[in-house]
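If you want the building blocks of each chain, they are given just below.
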Amino acid sequence: MKVKISHVLGLLAVLSMLVGLAAPQALAAPPAQQPAPPDAQTKLADPNNLFPNGIGEVDCTGVNLVVGTQVGPQIASPVQNFWQQWGAKTGGTVELQEFPFGDLFEKIRTGFISGASPFDIIIYASDWAGDIMGPGYVLEVPQKVQDQVGYGYLIPTYRDRILSWGGKVYGLPYDGDAHMMYYRRDLLTDPKWQAEFKAKYGYDLPAPPNTWKQYYDVAEFFNGKEIDGQVIYGAGTAFKRKAQSYWTYLGVAAAFAKAPDDPAYFFDPDTMEPRINNPGFVEALKLYVSLSKVGPPDVINWDVGDIRGNFPAGKLVLAIDWGDVGPLAADVNSSVVVGKWGSALEPGTEKYWDSRRGEWVDATKETGNLNQAPFLAFGGWVQSVTKTTKNPECAFDFAAFMGNQNMSQLLVTYPGSGVNPHFFSDLNNLEPWLKIGMTEQEAQEYLNAVRDIINHPNAVVDLRITGAAEYFDALDTQLARAVAGEVDAQTALDEVAKQWNAITDRLGRDQQKKQYREMLGLPTE
């Protein structure tokens, strides 16, 4: 019988008190604003040298490191594919233990609370920092290791926000995440489809869609058409429970519920009252549910892996995912859409809900532009060395091997790795992207989309406070009920708000408010 994660987390909270491990009081680290090296944005990585800066110069003969992460190929496969190179140089071995994403947090945290963690290194969601870094379950990263990895060359959004807690660095880089839109450029620019679309909807077929309404219309228009002998579907959307799908919904909701002049998104920063059931989030959930009608018949059972398989296979016109689809769509060995696709920021909305004003705002009238709010969903996978490891020197060396600047350049262009750009050098060199099969237009558009998301003034930073996994599990459950038609959008999100308040009160409203304000860069006094 599968136990719900919310029940497990409640039990873990009790166990924490019994063994004397109080809820973490350390605050999420504010952006460190560390000065970047003068060549941070121009230095090119060298993927032919995976052992820069003294990495691999330790003797790990007889040492076996246990690494815990999610089931691959995404995220897990780089460890499996490259650890032997590290082992040949150091004498060490690596055992990779993989768990379904829905069970990963439980597996990691249960080991820490029991005091018998089986892992030397964990690769985990940066959102979980409050429950992993905060209580001191992992070791602070030595300055020497930071230098080996190339911390100064990381994009500050990722370096300063996801690798630290309480002003100390506990994480090593592995991945940088943000949601983006993928579309079939060849179909959206075909004169035949342009004429038919305009005749039906009364406006030009957008390439790509600029609003979520346009996104739905395009998906509806193409859904079920037979093109070149193959049935094609309008949109690929992640809906599956316990499979990261709630991040897709939150990315849709951002344009509806994130005001440009308000840094907060998930909660009211003064009271920690949830915003998740306000009219903006409710309207977004209605749209999210409607996307299940313009995709494959079984799309409500899809996770992001299904999108990554079906978009390159030419079965989808539109899709939302992290950066993974780009390299997969460009892979000449497996993709049928090479040279036919494009990418962009997620669509915007003409109107958004302003939580502070308590009303809908017409963005096109106030600013002359759509409201866009790119979502830094998940934030990225990070590595940490556990406090219980018996081999910290070897563990840090292997983590540095997997997370250094040169390895990153290799992995971000490696189809199926699950690793997305997070170093400046991942973005400042077009050549590696062209080598994997992207056209110059596709590569420029893809990299520009990543830059635009990171630099957007209304970008939404993912939730990164103690209990984030609990908050998201409560949301995940109710989203699944809404998609299944068991409850309407308002009822689902009212229940989420109720549960979020209960979690906040149990963990301590004052503590949670301090962490949330710290996360947003707001004063805590």
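Worth saying up front: this structure is predicted, and the values here are computed from it rather than measured.

K.L.:
Any details on the nonpolar core? Residues and values, ideally.
P.N.:
Of all hydrophobic cores here, the largest spans 174 residues; its most connected members are Tyr249, Leu250, Phe398 and Leu475. Of the residues forming this core, the biggest block, 10 residues, is contributed by helix α10 (residues 245–257). Apart from the residues lying within four places of it in its own chain, the contact partners of Tyr249 are Ile276, Phe281, Ala284, Leu285, Tyr288, Leu475, Leu479 and Leu493.

K.L.:
Outline the pattern of salt bridges, supporting the account with residue identities and numerical values.
P.N.:
Counted according to the given criterion, the structure contains 20 salt bridges. A salt bridge links Lys192 to Glu196; the nearest nitrogen and oxygen atoms lie 2.9 Å apart. Of this pair, Lys192 and Glu196 both sit in helix α8 (residues 191–201), separated by four residues, roughly a single helical turn. Here Lys192 falls in the partly exposed class, since its relative accessible area comes to 45%. Its relative accessible area of 34% is what places Glu196 among the partly exposed residues. Where Arg308 meets Asp321, a salt bridge forms, and the shortest distance between an N and an O atom there is 2.8 Å. Placement of Arg308 in helix α12 (residues 304–310) and of Asp321 in strand β10 (residues 316–321) is noted, with a sequence separation of 13 residues between them. A network of salt bridges, in which partner residues are shared, links Arg241, Lys242, Asp473 and Asp476.

K.L.:
Kindly report on the pairing of strand β2 (residues 93–99), identifying the contributing residues and their values.
P.N.:
Pairing between strand β1 (residues 64–70) and β2: seven bridges, direction parallel. Within the sheet, the bridge partner assigned to Thr69 lies in β2 and is Glu98. A crossover connection joins β1 to the parallel β2 through helix α2 (residues 76–90); in handedness this β-α-β unit is right-handed.

K.L.:
Give me the sheet that holds β1: which residues, what numbers.
P.N.:
Whenever strands of a sheet pair, they do so through backbone hydrogen bonds, lying parallel or antiparallel. Taken together, the five strands give an open sheet; going across it, the order is β2-β1-β3-β15-β6, and neighbouring strands pair in mixed fashion. For this open sheet the edge positions go to β2 and β6 (172–173), each flanked by a neighbour on one side alone. Each of β1, β2, β3 (121–125) and β15 (381–385) touches helix α3 (residues 101–114); the most contacted strand, β3, lies at about 135° to it. Contacts between helix α15 (residues 392–403) and the sheet are confined to β1, β2, β3, β6 and β15, with β15 contributing the most and set at about 160° to the helix.

K.L.:
Quick rundown of the packing of α2 against α15? Include the residues and the values.
P.N.:
Helix-helix packing is described using two parameters, namely the angle between the two axes and the distance between the axes. Contact geometry for α2 and α15: axes closest at 10 Å, N-to-C directions at 125°. In terms of orientation, α2 lies oblique with respect to α15. Judged by the sense of rotation from one axis to the other, the crossing of α2 with α15 is right-handed. Packed against α2, whose contacting residues are Pro78, Val79, Phe82, Trp83, Gln85, Trp86 and Thr90, the element α15 presents Cys394, Asp397, Phe398, Phe401 and Met402 at the interface. Of the residues in the contact of α2 with α15, the class split is nine nonpolar, two polar and one charged.

K.L.:
I'd like to hear about the state of the cysteines, residue by residue, with values.
P.N.:
Following the criterion strictly, the structure yields one disulfide and no others. Shown here is the disulfide that connects Cys60 with Cys394, its sulfur atoms set 2.1 Å apart. Measuring the twist about the S-S bond at about -110°, one finds the Cys60-Cys394 disulfide to be left-handed. You can see Cys60 sitting in the loop between α1 (5–18) and β1 and its partner Cys394 sitting in helix α15, a full 334 residues away along the chain. Classification of Cys60 by relative accessible area gives buried; the value is 0%.

K.L.:
Tell me about the sheet that holds strand β8 (residues 225–227), residues and numbers included.
P.N.:
Pairing in this open sheet of five strands is mixed, and the strands run β8-β9-β10-β7-β11 from one edge to the other. Pairing within the sheet leaves two strands with one partner each, and these edge strands are β8 and β11 (341–344). Taken over all neighbouring pairs, the strand axes of this sheet differ in orientation by 30° on average, direction set aside. The pairing of strand β9 (residues 230–236) with β10 spans three bridges and is parallel. When the bridges of β10 are listed, Tyr233 appears paired with Leu316.

K.L.:
With reference to specific residues and values, describe α15.
P.N.:
Given a rise of 1.5 Å per residue, 12 residues ought to cover 16 Å, and the 16 Å separating the end C-alpha atoms of α15 matches this to within 8%. Among the 12 residues that make up α15, 10 are buried, leaving the element largely enclosed by the rest of the structure.

Quick notes on the rules
Residues numbered from 1 in each chain as written. Predicted model: local features only at pLDDT ≥ 70, side-chain atom pairs only at ≥ 80, totals over all residues. Heavy atoms only, no water. Core = buried A, V, L, I, M, F, W, Y, C linked by side-chain atoms within 4.5 Å. Buried < 20%, exposed > 50% of the residue type's maximum accessible area, 1.4 Å probe, protein only. Helix = DSSP H or I, 4+ residues; strand = E, 2+ residues; numbered from the N terminus. Contact = heavy atoms within 4.5 Å. Salt bridge = Lys/Arg side-chain N within 4 Å of Asp/Glu carboxyl O. Pairing = 2+ DSSP bridges. Right-handed = clockwise from strand over helix to strand, strands pointing away. Axes fitted to C-alpha atoms, helices over the stretch in contact; angles between N-to-C directions. Parallel < 35°, antiparallel > 145°, perpendicular 65-115°, else oblique. Left-handed = near helix turned anticlockwise from the far one by under 90°. Nonpolar A, V, L, I, M, F, W, Y, C, P; charged D, E, K, R; others polar. Disulfide = S-S within 2.5 Å. Expected span 1.5 Å × (residues − 1).

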